[in-house]
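Examining the three-dimensional arrangement
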Amino acid sequence: MSTTIVLVVGFLAVLAAVYVSWRAGRLDRLHIRLELAAEALDVALVRRAAVVLELAGSRLLDPASSLVLAAAAHEARTAGPDEREHAESDLSRALRAAIDQERFREKLAESPGGRLLLEELDAAVAKVVYARRFFNNAVAVTRTAQRRWLARTLRLAGRTDFPQFFEIDDNPPETMATE
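Please read these numbers as outputs of a predicted model, since none were measured by experiment. (Residues numbered from 1 in each chain as written. Predicted model: local features only at pLDDT ≥ 70, side-chain atom pairs only at ≥ 80, totals over all residues. Heavy atoms only, no water.)

1. Comments concerning empty space enclosed by the protein
Within this structure, the stated rule accounts for 1 cavity of 30 Å³ or more. In this structure, the largest cavity is lined by R23, L27, A145, R148, L150, A151 and L156. Breaking the lining of the largest cavity down by element, the ones donating at least two residues are α1 (2–56) and α6 (149–153). (1 Å grid on protein atoms, 1.4 Å probe; cavity = no way out; pocket = protein on both sides within 12 Å on 5 of 7 lines; lining within 4 Å. Points joined across faces, edges and corners; volume = space filled by probe spheres on them. Helix = DSSP H or I, 4+ residues; strand = E, 2+ residues; numbered from the N terminus.)

2. Some remarks on the pattern of salt bridges
Using the criterion set out here, one finds 10 salt bridges in the structure. Of the charged contacts in the structure, one is a salt bridge between R47 and E120, with a shortest N-O distance of 2.0 Å. Linking R47 in helix α1 with E120 in helix α5 (residues 114–147), this pair joins segments that are 73 residues apart in sequence. Residue classification places R47 among the partly exposed residues on the basis of a relative accessible area of 37%. The partner of R132 in a salt bridge is D170, with the nearest N and O atoms 2.7 Å apart. Pair noted here: R132 is in helix α5 and D170 is in the loop between α6 and α7 (174–177), with a separation of 38 residues, a long-range link. (Salt bridge = Lys/Arg side-chain N within 4 Å of Asp/Glu carboxyl O. Buried < 20%, exposed > 50% of the residue type's maximum accessible area, 1.4 Å probe, protein only.)

3. Topic: the side chain of H31
Among the secondary structure elements, H31 is positioned in helix α1. Take H31: its relative accessible area is 14%, and that puts it in the buried class. Excluding anything up to four places from it in sequence, H31 contacts T142, Q146, A157 and T160. (Contact = heavy atoms within 4.5 Å.)

Rendered as structure tokens:
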């Protein structure tokens, strides 16, 4: 009888250890996914700023629009972690203000190299939207896993910070959204 109890308790202990190990591994994979999503978002944001700077320096825009776009793109590229969301939102708003001008796309497309620049800009803006959605989804899943009682009780996440969402105004310009 006592041998059976020892075997059952041992089996339950092994089963609990396997489950805890599986949860810890899942949490680790979620943190890796979160880091990769953060890197992809950073690449998309930097690419968008680079394309906007290229557009601003292309001499295809009026000087005021070029100056506003260049300043917003520079601010987005040089902003620190605390100001980044605000700077990226400002870049989105400046981009919308420039591109949503009357006949902006048609005028730019008629210019030499303008069509290629527009396509590059469209792709960069779309990648920011997708990268931010993917990152915020990874944050939500990771936060849910970290909130579970087992993860909190056994500190399976270690001393990692609770991940934060990246909230910016990344709505594309009206003329991009309709095409």
